[in-house]
Amino acid sequence: MDLTRNAMYVDGRWTAPSSTDTIAVENPATEEVIATVPAGTPVDVDAAVRAARAAFDGWAATDPADRAAALDRLHRALTGRADEIARTVALELGAPLKVATRVQTGLPLTVLRSFVELAGQPPAAEIIGNSLVVREPVGVVGAITPWNYPLHQVMAKLAAALAAGCTVVLKPAELTPLVSYLLFDAVDEAGLPPGVVNLVAGTGQVAGEALAGHPDVDLVSFTGSTATGRRIAHLAADRVARVALELGGKSANLILDDADLATAVKVGVGNAFLNSGQTCTAWTRMLVHRDRYAEAVDLAAATAAGYRLGDPFDPATRLGPLVSAEQRDRVLAHVERGLADGGRLVTGGPGAARPDRGWFVAPTVLADVDPDSALAQEEIFGPVLAILPVDDDDHAVAVANNSRYGLAGAVWSGDQERALGVARRLRTGAVDINGAAFNPLAPFGGYRQSGFGRELGPHGLAEFQQLKAIQR
Ligand code: NAD
């Protein structure tokens, strides 16, 4: 299977890139280069933004039912590629095929379906006194996305923006661009009007900077690291363009003393290690009441040790590699530092067995982690769980909120009201009680340095709209 691509998608067709430079895409499980994609330049970005601008008035004025129908055609075209998408994500990211199928492919299809519905049912204009308050699409959107959920993060932006009547230029992550090419094969098949959605592959430093800084982009919607989010906000500030930032996290999993400990620990470890821990909402700090702490550490160690590392295409594999050598080295350095800072290695760690080839890190659990240490404060983005003892609910809330991030979190308790009271005190954009199901319509986004703006559902759609008050 040759996965190499040599075009951009601009103005409704595959177009030649402005430069012959390419980016190599690697399979992190084998360390082999599996494809190349073009390295876009500011010239490519400009052509794509011009196409999006030219398409904007027509798409914004399109009847919502017709926009919904176009998104529905895209859903059908993508569904037809579901197996290919899952295999491609397993190849370029290293996600185990089961995760690549259920989460990396299933979730974006669910999200797209939700925006088919939302696109077709726009809320009625509001009447406030003598004003008619209407919602209008914000304009041309620049979408810049990371590699860890390479289709989901694209879909959360693209489907919402298109449903709202915006046009889009996408710059996907350079480590995992191949799945975006499959998405644009589906865009092409679905026959979306030319210019409504455009793809420019490239690096963050070149294509990403050009898109975030382009004078004709009205909103930059970014998911990625806090450092890059800060840079993008600076670039957009120069022209007072809107920005939505979905950034890092260091979420806490609060296991109260009346929780079902076995379930809370098992689900908590699974959450922390999903996608090899490369998940911004991962519950990477497990906070356990002192009375049940030793038991929780043992349970976590046993659960983690059961996670089998290996070939993403082997059905027995629970953990694939990390996305790159750089990411693997970064994660191992975090663990070394965590140990030097007094953390106790319970399982895994830099010395643990792992496959000879591929950027693998063994599932790692550290206990007795100091809440102020780097391991408890920095986003690690690998299969590394820190367990911390807490004295009571107040102490658990204080430790959980001792973070510059505020993306997600969890509370486990036998008493729903108690759990709800604790959930309300967490300074984060989301909290799950007792392992409650993910809701694709709930607003998703962060407090503090986890960013601002919300994705998914009606609130995610509103991010791509602005309000106009017409007085009568
Ligand atoms: P990153 O910030 O390096 O890259 C994200 C995207 O930004 C990529 O497409 C990259 O090419 C682009 N980029 C990089 N530098 C740029 C620049 N100067 N100007 C414009 N674009 C630029 O992040 P990453 O390494 O791809 O992803 C991992 C990080 O993303 C983690 O910190 C993780 O927590 C965060 N993340 C957050 C969420 C969320 O929803 N909050 C989701 C996934 C990942």
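Throughout what follows, the structure given in this document is the object of discussion. (Residues numbered from 1 in each chain as written. Predicted model: local features only at pLDDT ≥ 70, side-chain atom pairs only at ≥ 80, totals over all residues. Heavy atoms only, no water.)

Attention now moves to the packing of helix α2 (residues 64-79) against helix α7 (residues 178-190). Two numbers describe how α2 lies on α7: the axes approach to 8 Å, and their chain directions differ by 130°. As summarised for this structure, α2 and α7 are arranged oblique, according to the angle between their axes. As for how α2 packs across α7, the hand of that crossing is right-handed. Taken together, the residues of α7 that come into contact with α2 (itself represented by A70, R73, L74, A77 and L78) are L183, A186, V187, E189 and A190. Taken together, the residues of the contact of α2 with α7 sort by class into eight nonpolar, no polar and two charged. (Axes fitted to C-alpha atoms, helices over the stretch in contact; angles between N-to-C directions. Helix = DSSP H or I, 4+ residues; strand = E, 2+ residues; numbered from the N terminus. Parallel < 35°, antiparallel > 145°, perpendicular 65-115°, else oblique. Left-handed = near helix turned anticlockwise from the far one by under 90°. Contact = heavy atoms within 4.5 Å. Nonpolar A, V, L, I, M, F, W, Y, C, P; charged D, E, K, R; others polar.)

Right, let's get into the site of the ligand. Taken together, 28 residues sit near the ligand, with Q153, K171, E174, L247 and E379 positioned nearest. Separating a nitrogen atom of the ligand from a side-chain N or O atom of E209 is a distance of 2.7 Å. Here a nitrogen atom of the ligand sits 2.4 Å away from a polar atom, N or O, in the main chain of L247. In isolation the ligand exposes 840 Å². Once the protein is present, 89% of that is buried. Given that more than half its atoms are within 2 Å of the pocket grid, the ligand belongs to the second largest pocket. Among the elements of the structure, α8 (204-212), β10 (219-223) and α9 (226-237) are those that each provide at least two residues to the shell around the ligand. Split into classes, the residues belonging to the shell around the ligand amount to 12 nonpolar, 10 polar and six charged. Counting the residues that make up the shell around the ligand, at least three belong to each of domain 1 (8-247 + 449-471) and domain 2 (252-439). (Near = heavy atom within 4 Å. Polar contact = N/O pair within 3.5 Å; in protein donor to acceptor, adjacent residues only side chain to side chain. Areas by Shrake-Rupley, 256 points an atom, 1.4 Å probe, with all protein chains shown as cover. 1 Å grid on protein atoms, 1.4 Å probe; cavity = no way out; pocket = protein on both sides within 12 Å on 5 of 7 lines; lining within 4 Å. Sits in = over half its atoms within 2 Å of the grid points. Domains from an automatic or database assignment.)

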